[in-house]
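# Coordinate analysis (summary)
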Amino acid sequence: MSDPVVVLDDLRAESDEVDLLVGGLSQERWGAPTPAPGWTVAHQIAHLAWTDRAALLAATDAEAFAAETAKALAAPDRFVDEGAEEGAKLPPAELLARWREGREQLQEALRAVPPGVRFPWYGPPMSASAMATARLMETWAHGQDIADALGVVRAPTARLRHVAWIGHRARDYAYLVRGLPAPADPFRVELVAPDGQLWAYGPEGAAQKVTGPALDFCLLVTQRVHRDDTALVAEGPDAEHWLTIAQAFAGPAGPGRAPEGS
């Protein structure tokens, strides 16, 4: 696990990059459709703001977060969309200000969490470092949706290592939310980073292995690309199956993306 200060600094940098995409948009462009069905640019930012608020409650007010969790359990297929829809109705300037304020409050709260403390979340309990990693993963993924909507090509950065790490760590969760048994043995994942370095996870010599570009892996585990549209190579049937269901984010099983051209 990364040093929480390092990952929080990277989370701030990732948020700032997404902020640059939307900070100067016209109101019309805030309504641009993104690859997520029914979600505009405004929905994407509203979701980030909503989830930052939930994370802040989890880190600072367990009772209030439990109440939010009860709402989610009552409507597991709707609560994410409903949160995004509510925020997307705000004037863009107000929505942007809300997101900026909320993410700074979360930064302060996570930096104040004592080492070793864990707090509840929609998936497993989180440490400050794990929460910051999850928030960076979501910020990057929803930022990708926004970039795609606006026709912007973003250069991948070393911050993807956090997304890759959580994607590997969440392997068993992808099986759990689908009611499937997870493979008994760990996998090896070897990824080529944007600067050409090798990021490796899992034991050397594992029978099941995934290799390829880190960007492709990160897009896949955040379900921003279809398996067939990646350059990832799976060695072993279990590894190949995992790549069809991989999910780095908490919550119900995501539907994934359709193949390009479909």
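What comes next concerns the included structure.

Conventions used here
- Residues numbered from 1 in each chain as written.
- Predicted model: local features only at pLDDT ≥ 70, side-chain atom pairs only at ≥ 80, totals over all residues.
- Heavy atoms only, no water.
- Buried < 20%, exposed > 50% of the residue type's maximum accessible area, 1.4 Å probe, protein only.
- Helix = DSSP H or I, 4+ residues; strand = E, 2+ residues; numbered from the N terminus.
- Expected span 1.5 Å × (residues − 1).
- Axes fitted to C-alpha atoms, helices over the stretch in contact; angles between N-to-C directions.
- Parallel < 35°, antiparallel > 145°, perpendicular 65-115°, else oblique.
- Left-handed = near helix turned anticlockwise from the far one by under 90°.
- Contact = heavy atoms within 4.5 Å.
- Nonpolar A, V, L, I, M, F, W, Y, C, P; charged D, E, K, R; others polar.
- Core = buried A, V, L, I, M, F, W, Y, C linked by side-chain atoms within 4.5 Å.
- Pairing = 2+ DSSP bridges.
- 1 Å grid on protein atoms, 1.4 Å probe; cavity = no way out; pocket = protein on both sides within 12 Å on 5 of 7 lines; lining within 4 Å.
- Points joined across faces, edges and corners; volume = space filled by probe spheres on them.

### A closer look at helix H8 (residues 160–169)
In an α-helix, one turn spans 3.6 residues; hence positions three or four apart end up facing the same way. With seven of ten residues buried, H8 lies mostly within the body of the structure. Listed in full, the buried residues belonging to H8 are Leu-160, His-162, Val-163, Ala-164, Ile-166, Gly-167 and His-168.

### Thoughts on helix H7 (residues 128–150)
With 23 residues, H7 extends 32 Å between its outermost C-alpha atoms, agreeing within 8% with the 33 Å of an ideal straight helix rising 1.5 Å per residue. Taken across its 23 residues, H7 has 22 buried, putting it largely inside the fold. Backbone geometry just downstream of H7 places Gly-151 in the positive-phi region, at approximately 75 degrees.

### Notes on unusual backbone geometry
The backbone of Gln-223 shows a phi angle near 60 degrees, a positive value even though the residue is not glycine. In this structure, Gln-223 sits in the loop between helix H10 (214–221) and strand S6 (233–235).

### Examining the packing of helix H1 (residues 4–22) against H7
Interhelical geometry of H1 versus H7 gives an angle of 20 degrees and a closest axis separation of 9 Å. Between H1 and H7, the angle falls in the class roughly parallel. Seen from above, H1 lies across H7 with left-handed handedness. Seen from H1, the contacting residues are Pro-4, Val-7, Leu-8, Asp-10, Leu-11, Glu-14, Ser-15, Val-18, Leu-21 and Val-22; seen from H7, they are Ser-129, Ala-132, Thr-133, Arg-135, Leu-136, Thr-139, Trp-140, Gly-143, Ile-146, Ala-147 and Leu-150. Of the residues belonging to the contact of H1 with H7, the class tally is 13 nonpolar, five polar and three charged.

### A short note on the nonpolar core
Formed by 53 residues in total, the largest nonpolar core has its most connected members in Leu-110, Trp-121, Leu-191, Trp-199, Phe-217 and Trp-242. When residues of this core are assigned to their parent elements, the largest contribution, nine residues, is made by H7. Once you skip the residues sitting within four places of it in the chain, Leu-191 turns out to touch Ala-164, Gln-197, Leu-198, Trp-199, Tyr-201, Gly-212, Pro-213, Ala-214, Phe-217 and Leu-232. In terms of nonpolar packing, the next biggest core, distinct from the first, is built from 21 residues, Ala-46, Leu-95, Trp-99 and Ile-146 among them.

### Re the packing of H7 against H8
At a minimum axis separation of 9 Å, H7 and H8 run at an interaxial angle of 110 degrees. The orientation of H7 relative to H8 falls into the category roughly perpendicular. Seen from H7, the contacting residues are Thr-133, Ala-134, Leu-136, Met-137 and Trp-140; seen from H8, they are Leu-160, His-162, Val-163, Trp-165 and Ile-166. Tallied by class, the residues present in the contact of H7 with H8 amount to eight nonpolar, two polar and no charged.

### Notes on the sheet that holds S6
Overall, mixed pairing links the four strands, which are arranged S4-S3-S5-S6 in an open sheet. Because the sheet does not close on itself, it has two edges, and the strands there are strand S4 (198–201) and S6. Ignoring strand direction, the axes of neighbouring strands in this sheet form an average angle of 10 degrees. One ladder, built from five bridges, connects strand S3 (residues 188–192) with strand S5 (residues 209–213); its direction is parallel. Considered in S5, the bridge of Glu-190 is made with Thr-211. Each of S3 and S4 touches H8; the most contacted strand, S4, lies at about 25 degrees to it. Against the sheet, H10 engages S3, S4 and S5, with an angle of about 115 degrees to S5.

### With respect to the layout of surface pockets
Here the second largest pocket defines a volume of roughly 530 Å³. Lining the second largest pocket are 22 residues, with Trp-50, Arg-53, Glu-68, Gly-83 and Glu-86 sitting closest to its centre. Each residue belonging to the lining of the second largest pocket can be placed in one class, and the counts come to ten nonpolar, four polar and eight charged.

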